[in-house]
Amino acid sequence: MKRVHLHSSRVKVLMLSLLLVTVAACGSSAPTIKTVYTEVTKAALKPGDKIPAPSGDVILTVTGKIGTTNTDKAIQMDLKMIESAGLVDYKVKDPFEKKDTIFRGPLMSNLLDLWQVAKDATKLHIVALNDYVVDVPITEVQKYPVIFALQQDGQYMPISTRGPAMLVFPYNDFTFNETVYNDYWAWQIKSIDIQ
Amino acid sequence: MATSEPTLNAAPGVDAPLAQPAPRPQFWRRLIFVSPQITILSVVAAVLLVALIVLAGVVVAQMEASATVLTFNDTNRVFVQLQRETLRLIALVAQPIESFKAQDIEVQSDLVESRIGVMNFPDAQASLPPQIQQRAQQLQTQWAALKLEIEAWKADPASSTLRDTLRKDLTDFEFAANDTEVNYTRINTLAITDFAQLNQKQLLSFAVGAVVLVLFMFVVAISIYRVNQQRREVEAVRETNRLKDEFVAVVSHELRTPLNAIIGFLGIMKMKGELNERDRHMVERAQVNATRLLSLINDILDISKIEAGKFEFVVTAVPLRKLVARWQSQMDVLAKQKGLDFQVHIDDGLPESIYMDEEAVTKISTNLLSNAFKFTEQGAVSLAVKPGNPDEWLITVTDTGIGIPEDARSHIFESFRQVDGSTRRAYGGTGLGLSIVQRLCRAMGGDVQVESTLGKGSTFTVRFPLKASSQAPAMKAA
């Protein structure tokens, strides 16, 4: 067997790549905001763009500490506008229906950037169609890849099954205290007031 | 104190070993049957333990039931919200025709439907009691029919018939939802109260049971401890006795050797013929005392051997008449010395030879006869050998001596006991003779009895089991 000198350049390259692979492996064990979901479409509307007026049925009204509007003091969005913020897919075990589901929708963080939410904003005051109200701390949707889900398992969610939109938290990839966070999965979302 | 009492082994010429002491009962028998109190206590304790385990199981089941109770609030909200959305729908339907907006109706009826959907979520379904699940099913069916009605009315909103029917049916539906909610609340309230009561009762009985059980266990433990202690004490006493007997045997042996030397040399001195009258007398006195000392040591040795269960019986077929003749000739001298009449009688009904330990039986009769002669100053001593009840033969020694008072008759057989201190002083003796007689008799399966009249005389009767040579089983090949 040929003797291998420890200081030969071939060995150095091998060792270095081994090190890099190890580091990469360590790094990838913790889920990051980017590794949790699958990108479906790229954002068409980007932060800073002017948000056009709605053409279809308005399903979401946004008010409060926002930097832009498309109607008087509010942003009114229809389905297509929301989707133009860039869609992602996320597979998670639905904590209510108790089964694995793929939710599709834009990332809340993208929507917040689009709405040019003020830096001192602290919470999302969400109101649902049946007057259900919940305040979600803004850090939760900035820290985690929370999805403003519009589709469930390839179908748009009708009102009769939690539609038009529901907040989906990455339960499969991060640990959450379900007693608290289940309340944040607001569904039948009608409006969000940034406070 | 009981010694082991072996029966005579009928194989002649072979050492008859004494029966082994009964083997210690098996562990389980000792544990369970050591005393009836402990058995009863243990059974009661076991029953209590079982009851407690059952109770604990029931408590655990109740606690699981309580988990259902705790999810009540969440699930109940479903019915409350269903009611609320239905009421809103009714309000929309009730609006004047001018305000009719199909989309609003659609949205609101979808909201009602979403509440039915939530009713079917796994968590809700799991926490509903069966009656409520049934009602939920009914609500679903009702709603399916209502949806068709709504579609029909939306197509023809002006129709007051359709609208009124729809309103009425929606109202019924709302009542049904309300009813379900009320029932669910009632069931849950009952469950909570039941649970609380049961819980209290169970905890109390659990606590009481636990305390009682602990007490019983305590008592059982103490009883077992005491019994064990008793047993240990008995063992200790047995061990002490055994050591004592061993000691006596060893020491007696050591005492005999020098004594035999003394007796021997004294005998030689007497025989030599060089002694004058006075010296001769002194040697004789010394001889008598040494001999007496030796016989005392022998008696002590015998007793300790018998008590330790180490006396080896040698059973042979002994010709009876020859044996008795020997005893007679031994005692004749003493009879003549004291001027007493000595009668010997053997019953014809007795066989030629009888199986016995010749040495032991001789010891017995010699002891009895010596006593008879010792305590009789005038009259006669008679020895009779005759058959007794079936399978027995008797030796009776009768004297016309001083007799034995009634209260002394029980303790004359005890070691070192004589009638009272005065007899020892007057008559000498060690007080071991009758003790040896009794122990030997019992060891051979027989016994000794005494009848006596103070001042008139006594009769000692010894009885042995009779094993004549003709009854013997086949001898072992020598």
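Above this text sits the structure in question.
Residues numbered from 1 in each chain as written. Chains lettered and ligands numbered in written order. Predicted model: local features only at pLDDT ≥ 70, side-chain atom pairs only at ≥ 80, totals over all residues. Heavy atoms only, no water.

(A) Main features of the side chain of Glu85(B). Tracing the sequence through the fold places Glu85(B) in helix α3 (residues 72-94). With a relative accessible area of 0%, Glu85(B) lands in the buried category. When near neighbours in sequence (up to four residues on either side) are disregarded, Glu85(B) contacts Asn130(A), Gln108(B), Leu111(B), Val112(B) and Arg115(B). (Helix = DSSP H or I, 4+ residues; strand = E, 2+ residues; numbered from the N terminus. Buried < 20%, exposed > 50% of the residue type's maximum accessible area, 1.4 Å probe, protein only. Contact = heavy atoms within 4.5 Å.)

(B) Summary view of the interface of chain A and chain B. Counting residues at the interface gives 13 residues for chain A and 15 residues for chain B. With both sides pooled, the region where chain A packs onto chain B buries about 1200 Å², and carbon together with sulfur makes up 54% of that total. It is Asn130(A), Ile159(A) and Ser160(A) in chain A that bury the most area against chain B; as a group they hold 41% of the surface buried on that side. Linking chain A with chain B are two salt bridges, by the criterion used here. Here Arg88(B) makes a salt bridge to Asp131(A), at a shortest N to O gap of 2.2 Å. (Buried area = accessible area lost by both parts, 1.4 Å probe. Salt bridge = Lys/Arg side-chain N within 4 Å of Asp/Glu carboxyl O.)

(C) Summary view of the nonpolar core. If you look at the biggest cluster of nonpolar residues, it comprises 80 residues, and the most contacted ones within it are Met108(A), Trp115(A), Leu124(A), Phe148(A), Phe169(A), Ile192(A) and Ile194(A). When neighbours within four sequence positions are excluded, Trp115(A) is seen to be in contact with Ile51(A), Leu60(A), Val62(A), Ile66(A), Gly67(A), Thr68(A), Ile75(A), Met77(A), Met108(A), Ile192(A) and Ile194(A). One finds Phe313(B), Val324(B), Ile404(B) and Leu434(B) within the second-largest nonpolar core, a separate group that totals 48 residues. (Core = buried A, V, L, I, M, F, W, Y, C linked by side-chain atoms within 4.5 Å.)

(D) The arrangement of the sheet that holds strand β12 (residues 189-194) of chain A in detail. Residue and element names in this part refer to chain A. An order of β3-β2-β12-β6-β7 is seen for the five strands of this open sheet, with the pairing classed as mixed. At either end of the open sheet lies a strand with only one pairing partner, and these are β3 (75-78) and β7 (133-137). Direction aside, neighbouring strands of the sheet carry axes that sit 20° apart on average. As paired strands, strand β2 (residues 58-64) and β12 are joined by four bridges and run parallel to one another. Looking across to β12, one finds that Thr63 is bridged to Asp193. (Pairing = 2+ DSSP bridges. Axes fitted to C-alpha atoms, helices over the stretch in contact; angles between N-to-C directions.)

(E) Broad picture of the pairing of strand β5 (residues 353-356) of chain B. Residue and element names in this part refer to chain B. Neither face of β5 is open: one carries Ser353 and Tyr355, the other Ile354 and Met356, and all of them are buried. Pairing geometry for strand β3 (residues 316-319) and β5, over four bridges, is antiparallel. Looking across to β5, one finds that Pro319 is bridged to Ser353.

(F) Main features of the environment of Ala46(B). Residue and element names in this part refer to chain B. Position of Ala46 among the secondary structure elements: in helix α2 (residues 36-70). Given a relative accessible area of 41%, Ala46 falls into the partly exposed group. The spacing of Ala46 and Met217 is 171 residues in sequence and 9.6 Å in space, taken between C-alpha atoms.

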